[in-house]
Amino acid sequence: MTATIRQLTGPAHTRIYAYGAARGELVVPNDDLVGPIDSSDEWIRQRTGIVTRVRAVHDTSAIDLAADAAREAVARSGVEPTQIDAVIVATISNPKQTPSVSAIVADRIGANPAAAFDMNAACAGFAYAVAQADALIRAGAAHYAVVVGAEKLSDVVDPTDRSISFLLGDGAGAAVIGPSDTPGIGPTIWGSDGSKADLVGMNGTLTEFRDGEVPWPTLRQEGPAVFRWAVWEMVKVAREAIEAAGIEPADLAAFVPHQANMRIIDELAKQLKLPDSVVIGRDIETTGNTSAASVPLAAHRLLEEHPELSGGLALQIGFGAGLVFGAQVVVLP
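Residues numbered from 1 in each chain as written. Predicted model: local features only at pLDDT ≥ 70, side-chain atom pairs only at ≥ 80, totals over all residues. Heavy atoms only, no water.

(A) Quick look at the sheet that holds strand S7 (residues 170-180). Ordered in space as S1-S7-S6-S4-S5, the 5 strands form an open sheet in which the pairing is mixed. The open sheet has two free edges, formed respectively by strand S1 (13-23) and strand S5 (115-119), since each of these has just one partner strand. Averaged over all pairs of adjacent strands, the angle between their axes in this sheet comes to 15°, without regard to strand direction. Note: strand S4 (residues 86-90) against S5, 5 bridges, orientation parallel. Opposite alanine 86, over in S5, you have alanine 115 as the bridge partner. Where helix H3 (residues 101-108) meets the sheet, its contacts fall on S4 and S5, and the angle it forms with S4 comes to roughly 130°. Along the sheet, helix H4 (residues 125-138) contacts S1, S4, S5, strand S6 (145-152) and S7; its crossing angle with S6, the most-contacted strand, is approximately 165°. (Pairing = 2+ DSSP bridges. Helix = DSSP H or I, 4+ residues; strand = E, 2+ residues; numbered from the N terminus. Axes fitted to C-alpha atoms, helices over the stretch in contact; angles between N-to-C directions. Contact = heavy atoms within 4.5 Å.)

Below is the structure:
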């Protein structure tokens, strides 16, 4: 007789318990960047909505930022570090190919021997990580998870590049996710369009750099094409996430989009026909575009500035390099 194996099952629902944040130590105004790109403070403000961005000092890594954000999220969550049994870090700026940022973060926050893995979904990384944590917990593969979006993009900036260099900042945002008696994380709408992968990404490989074939690889983008894709395609994804959650736009308390560009944020809100009661995350104005960190950083700031949003519904959506995207509706902690 063949033995029957056991499969795990977990709780029916999950929710976000708390957010944490860490931003780069340096406040960098537009005037500090305009020389090499022959631009102006006014041009950057009009094109992007950015007044300043934060960047980390030389000795602060994406790992340091991730650990700091995770510590705050765990401390606020009421969950003991030893109860954390999964750590997921979304990043494109691990200073080493290996070991993973997540394993180091798990150790630094006292969560050993938690399962730990990194994921690279660029600016959609946090939405992807939330989807993974939600699925792991509901499947019984984890009880509590820390998800982090962490970037030190100043390491991959060409200060002479007009396409993206002035947009980028450094930071990390984290969330603790665990079981819930009621639904706290809606279905994730995610995907990619690799046919347009050349529109935003690195302009060289590490092996090409090693072999002296290219300078140090940096981030580049085709700005107008990315803008059109983000505005026209991501509003469809946002609508799908709202519909999948079984709600209407008017049910939202907050909209937390990837902080790519203020004009994109405004256009998405307009096309979604969000009522004036919906508070919109606009962290880009003083933090810049922090890729995988931008959604949790914006959510953290919204709750700091608007504590009355706690318990309300928020639509969060990430999109970016490789034209990868992810969106879900969550209950704010």
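Let's pick the thread back up.
(B) Region of the structure containing the layout of surface pockets. As a volume, the largest pocket reaches approximately 770 Å³. What lines the largest pocket is a set of 26 residues, among which Ile92, Ser93, Gln97, Asn120 and Met202 lie closest to the centre. Ranked by residues supplied to the lining of the largest pocket, first place goes to strand S9 (residues 200-202) with 3 residues. Of the residues belonging to the lining of the largest pocket, the class tally is 14 nonpolar, 8 polar and 4 charged. Of the volumes computed, that of the second largest pocket is approximately 470 Å³. If you trace the second largest pocket, you find 30 residues lining it, with Ser163, Leu167, Gln221, Gly223 and Val226 closest to the centre. Within the residue set of the lining of the second largest pocket, elements represented by two or more residues are helix H1 (41-48), strand S10 (219-221), helix H6 (223-244), helix H7 (262-271) and strand S13 (313-320). (1 Å grid on protein atoms, 1.4 Å probe; cavity = no way out; pocket = protein on both sides within 12 Å on 5 of 7 lines; lining within 4 Å. Points joined across faces, edges and corners; volume = space filled by probe spheres on them. Nonpolar A, V, L, I, M, F, W, Y, C, P; charged D, E, K, R; others polar.)

(C) Representation of the nonpolar core within the structure. Of all hydrophobic cores here, the largest spans 51 residues; its most connected members are Met234, Leu252, Phe255, Leu272, Leu315, Ile317 and Phe319. Those elements that place two or more of their residues in this core are H6, H7, S13 and strand S14 (324-331). Among the elements that line this core, the one with the most residues is H6, at 11 residues. With residues up to four places along the chain from it excluded, the contact list for leucine 272 reads Val235, Ala238, Arg239, Ile242, Pro249, Phe255 and Leu315. Counting 35 residues, the second largest nonpolar core, distinct from the first, contains Phe126, Val130, Ala133 and Ala145. (Core = buried A, V, L, I, M, F, W, Y, C linked by side-chain atoms within 4.5 Å. Buried < 20%, exposed > 50% of the residue type's maximum accessible area, 1.4 Å probe, protein only.)

(D) Representation of a nonpolar patch on the surface in the model. Together, Leu206, Phe209 and Trp216 make up a nonpolar patch on the protein surface, roughly 300 Å² of accessible area in all. Note that leucine 206 resides in helix H5 (residues 206-210). Taking the relative accessible area as the measure of exposure, leucine 206 reaches 44% and is therefore partly exposed. (Patch = residues over 30% accessible without salt bridge, like charges linked within 9 Å, V, L, I, M, F, W, Y side chains within 5 Å. Areas by Shrake-Rupley, 256 points an atom, 1.4 Å probe, with all protein chains shown as cover. Salt bridge = Lys/Arg side-chain N within 4 Å of Asp/Glu carboxyl O.)

(E) Geometry of the pairing of S6. Most of S6 sits out of view: 8 of its 8 residues are buried. Because side chains alternate across S6, one face comprises the buried residues Ala145, Val147, Gly149 and Glu151, and the other comprises Val146, Val148, Ala150 and Lys152, equally buried. As defined by bridge partners, S4 adjoins S6 across 5 bridges and the pair is classed as parallel. Its bridge partner lying in S6, alanine 86 is registered against alanine 145.

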